[in-house]
Amino acid sequence: MRLGQTSVIHFASRIFSSALGFVATIYIARLLGADALGTYSLGLTVVSWLGIVGNMGISGAIRKRVSEDEEPGTYALAGVIVMSALFVVLGVSLVTFRQEVNEYVGFPAAGFLVLMVGASLGVNVVMSLLDGRHLVHISGLLSPVKTGGRAILQIGALSLSLGIAGLFGGYILGYLVVVLLGVVVVARNLETVSRPTRKHFKDLLSYAKYSWLGALRSRAFNWVDIAVLGFFVPQSFIGFYSASWNIAQFLILFGGSLSRTLFPEMSKLSEDKNSEAVSNLVDSALSYAGLILIPGLIGGTILGNRILRIYGPDFERATAVLSILIMACLLQAYQAQLTNTLNAIDRPELSFRINAVFIVANVILNVILIYFHGWVGAAVATALSVAISLIVGYVTLSSTVQFSIPFGEIGRQWFAAGLMGIVVYTGLRIESTYLHISHNLAIIFMLVILGAGVYFFALLAISTRFRTTVMDNLPARFTPSL
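What counts, and at which threshold
Residues numbered from 1 in each chain as written. Predicted model: local features only at pLDDT ≥ 70, side-chain atom pairs only at ≥ 80, totals over all residues. Heavy atoms only, no water. Salt bridge = Lys/Arg side-chain N within 4 Å of Asp/Glu carboxyl O. Helix = DSSP H or I, 4+ residues; strand = E, 2+ residues; numbered from the N terminus. Buried < 20%, exposed > 50% of the residue type's maximum accessible area, 1.4 Å probe, protein only. Core = buried A, V, L, I, M, F, W, Y, C linked by side-chain atoms within 4.5 Å. Contact = heavy atoms within 4.5 Å. Phe/Tyr/Trp six-rings, centres within 6.5 Å; stacked < 30°, edge-to-face > 60°. pLDDT = per-residue confidence, 0-100. Patch = residues over 30% accessible without salt bridge, like charges linked within 9 Å, V, L, I, M, F, W, Y side chains within 5 Å. Areas by Shrake-Rupley, 256 points an atom, 1.4 Å probe, with all protein chains shown as cover. Axes fitted to C-alpha atoms, helices over the stretch in contact; angles between N-to-C directions. Left-handed = near helix turned anticlockwise from the far one by under 90°. Nonpolar A, V, L, I, M, F, W, Y, C, P; charged D, E, K, R; others polar.

With respect to the pattern of salt bridges
Thinking step 1. In this structure the tally under the stated criterion is 3 salt bridges.
Thinking step 2. Measuring nitrogen to oxygen at the nearest pair gives 3.0 Å for the salt bridge that ties Glu431 to Arg306. Pair noted here: Glu431 is in helix H15 (residues 407-435) and Arg306 is in helix H12 (residues 293-308), with a separation of 125 residues, a long-range link. Taken as a pair, Glu431 and Arg306 share a single burial class, namely buried.
Thinking step 3. Between Glu409 and Arg412 there is a salt bridge whose closest N-O contact spans 3.4 Å. On the criterion of helical spacing, the pair formed by Glu409 and Arg412 is a turn pair, its members being 3 residues apart in helix H15.
Thinking step 4. On the accessibility criterion, Glu409 (5% relative accessible area) is buried.
Thinking step 5. Classification of Arg412 by relative accessible area gives partly exposed; the value is 32%.

Topic: the nonpolar core
Thinking step 1. In this structure, Leu113, Tyr241, Tyr311 and Phe315 are the most contacted members of the largest nonpolar core, which totals 123 residues.
Thinking step 2. Not counting the four nearest positions on each side in its chain, Phe315 is found in contact with Ala29, Ala34, Leu37, Gly239, Phe240, Ala243 and Leu308.

Side note on the packing of aromatic side chains
Thinking step 1. Applying the stated criterion across every chain yields a total of 11 aromatic pairs.
Thinking step 2. Ring centres of Tyr171 and Tyr175 lie 4.2 Å apart, and the angle between their planes is 20°; this geometry places the pair in the stacked category. Of the two residues, Tyr171 and Tyr175 are both situated in helix H7 (residues 163-189); the distance of 4 residues between them amounts to about one turn of the helix.
Thinking step 3. Classification of Tyr175 as buried rests on a relative accessible area of 10%.
Thinking step 4. Relative to Phe466, the ring of Phe456 has its centre 5.7 Å away and its plane inclined at 80°; by these criteria the two rings are edge-to-face. Here Phe456 is found in helix H16 (residues 440-462), whereas its partner Phe466 is found in helix H17 (residues 464-472), with 10 residues between them in sequence.
Thinking step 5. A relative accessible area of 32% places Phe456 in the partly exposed class.
Thinking step 6. In textbook terms, an aromatic cluster arises when at least three aromatic residues are bridged by ring pairs, as seen for Tyr40, Phe107, Phe112 and Phe168.

Looking at unusual backbone geometry
Thinking step 1. If you check the backbone angles, Ser161 has positive phi at about 65° while not being a glycine.
Thinking step 2. Secondary-structure assignment places Ser161 in the loop between helix H6 (136-159) and H7.
Thinking step 3. Owing to a relative accessible area of 65%, Ser161 belongs among the exposed residues under this scheme.

Thoughts on the environment of Gly451
Thinking step 1. Note that Gly451 resides in helix H16.
Thinking step 2. Looking at Gly451, the relative accessible area reads 2%, which means it is buried.
Thinking step 3. For the pair Gly451 and Gly427, spaced 24 residues apart in the sequence, the C-alpha separation amounts to 9.5 Å.
Thinking step 4. Sequence-distant contacts of Gly451, defined by excluding residues within four places in its chain, comprise Met420 and Val424.

Considering the environment of Ala356
Thinking step 1. With respect to the helices and strands, Ala356 occurs in helix H14 (residues 348-398).
Thinking step 2. Ala356 gets classed as partly exposed once you look at its relative accessible area, which sits at 26%.

Side note on the confidence of the model for the protein
Keep in mind that low pLDDT regions are not for reading the predicted coordinates in detail.
Thinking step 1. Of the residues in the protein, 83% reach a pLDDT of 70 or more, and the chain-wide mean stands at 80.
Thinking step 2. When mean pLDDT is compared element by element in the protein, H15 scores highest at 91, while helix H10 (residues 253-271) scores lowest at 54.
Thinking step 3. Contacts for the low-pLDDT stretch residues 477-482, under 50 throughout, to residues beyond four places or in other chains number 4 contacts.

Re a nonpolar patch on the surface
Thinking step 1. On the surface, a nonpolar cluster with roughly 810 Å² of combined accessible area is contributed by Phe231, Phe232, Val360, Ile364, Ile368, Tyr371 and Phe372.
Thinking step 2. Secondary structure elements with two or more residues in the nonpolar patch: helix H8 (198-232) and H14.
Thinking step 3. It is H14 that contributes the most residues to the nonpolar patch, 5 residues altogether.
Thinking step 4. Among the secondary structure elements, Phe232 is positioned in helix H8.
Thinking step 5. Residue classification places Phe232 among the partly exposed positions, given a relative accessible area of 42%.

Description of the packing of helix H9 (residues 235-250) against H14
Thinking step 1. Between H9 and H14, the least distance of the axes is 10 Å, while the angle of their chain directions is 35°. Considering how the two elements wind past one another, H9 and H14 form a crossing that is right-handed. Along the contact surface, H9 presents Phe237, Phe240, Tyr241 and Trp245, while H14 presents Trp375, Ala378, Ala379 and Thr382.
Thinking step 2. Among the residues forming the contact of H9 with H14, the class breakdown is 7 nonpolar, 1 polar and no charged.

Here you go:
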């Protein structure tokens, strides 16, 4: 399967998955309000941070070692054993400190959190195995099952008046479904599993000791600001902020799909000492990392208050935060391609340094800027820390792999997005001045469709590379007619 098609399948699956999660979040916000959304977000924050301890980079190491096609089943079993042991430690710790955890979250959630951490770690293992076996499209297809199952269960629980407990319960069951399905697929694609030796554990841990910081970096990008906000602002503000994050992260999905698709290919090429092919993949990754986020930044800035209004009138207060967070996601999309390449070519120690810079900067800036500027400071801190790590990442990778930044392609994406912005802004002005359509969601839907069409066809017209990529990845029966 072509890499472009694999990325698109994975991306489409994640789009559908995120759309389901988006709908569920809106339902939660409208039914329970910003306070409950903030409480649930703090619970997810705890699960996310504990997941770092329970993972310790093992899932990344599993993906790397399994992708090398040398005793994949044995490495998989070794990884499962290590992560199971770490989960036991986490579960005992949560039970021991349940009073402090419940006070921080604002809900007696410790028991739920134990199960949520276990389900989350299980999903991490399954997804890493699928990616390592070059089944990225399958792991992508499981994403909407996870999010959709969780959303349906949570909405059902809310309809039964189970409240916040129903939100946590829906999360657990939705994740467990994915674990069961993923195990079935993995079992069919692994060779005979033999008993792991000390060498297998050593190989995993030698990679994991560096890659764990990459997972920590991912969590820091998503959760440091919310975790710190939990000490400084009311839960309703955390709810507003979480809604903005929900929208911003919807736009970063394509970059993540691109990274996950290219990783096993880069890993294999690196093992084969094909540095030129790796450089070409880096160029492709940087060319398309901002494909969705660049127009998303412009469109989100123009329509931000309208989009946030879907959650409820009070959520419009987060409009400025939304634009800053989308900018942070754009920078993160490029930075992720750089560290993804370093990990794929088996240089996790370099990726470790970049991630360390980001985490330190993110924590320090969040504490300082949240203290002085509240939730807007949190968004600015996240964007600044990503920008710092992007610069460090570029300098580091350029000293290891020969590649060039595709400024021309990125510039064409900005030009097409600028045309899109003019059309969307004009359409919004016409509606507010002459049409006065009362249904906010209908306005957003029409303008987003219009803007996406303008962007796509403008880029198709001005970018030979984008036009070639589209044609190359169309199903064969459509290609002759173009």
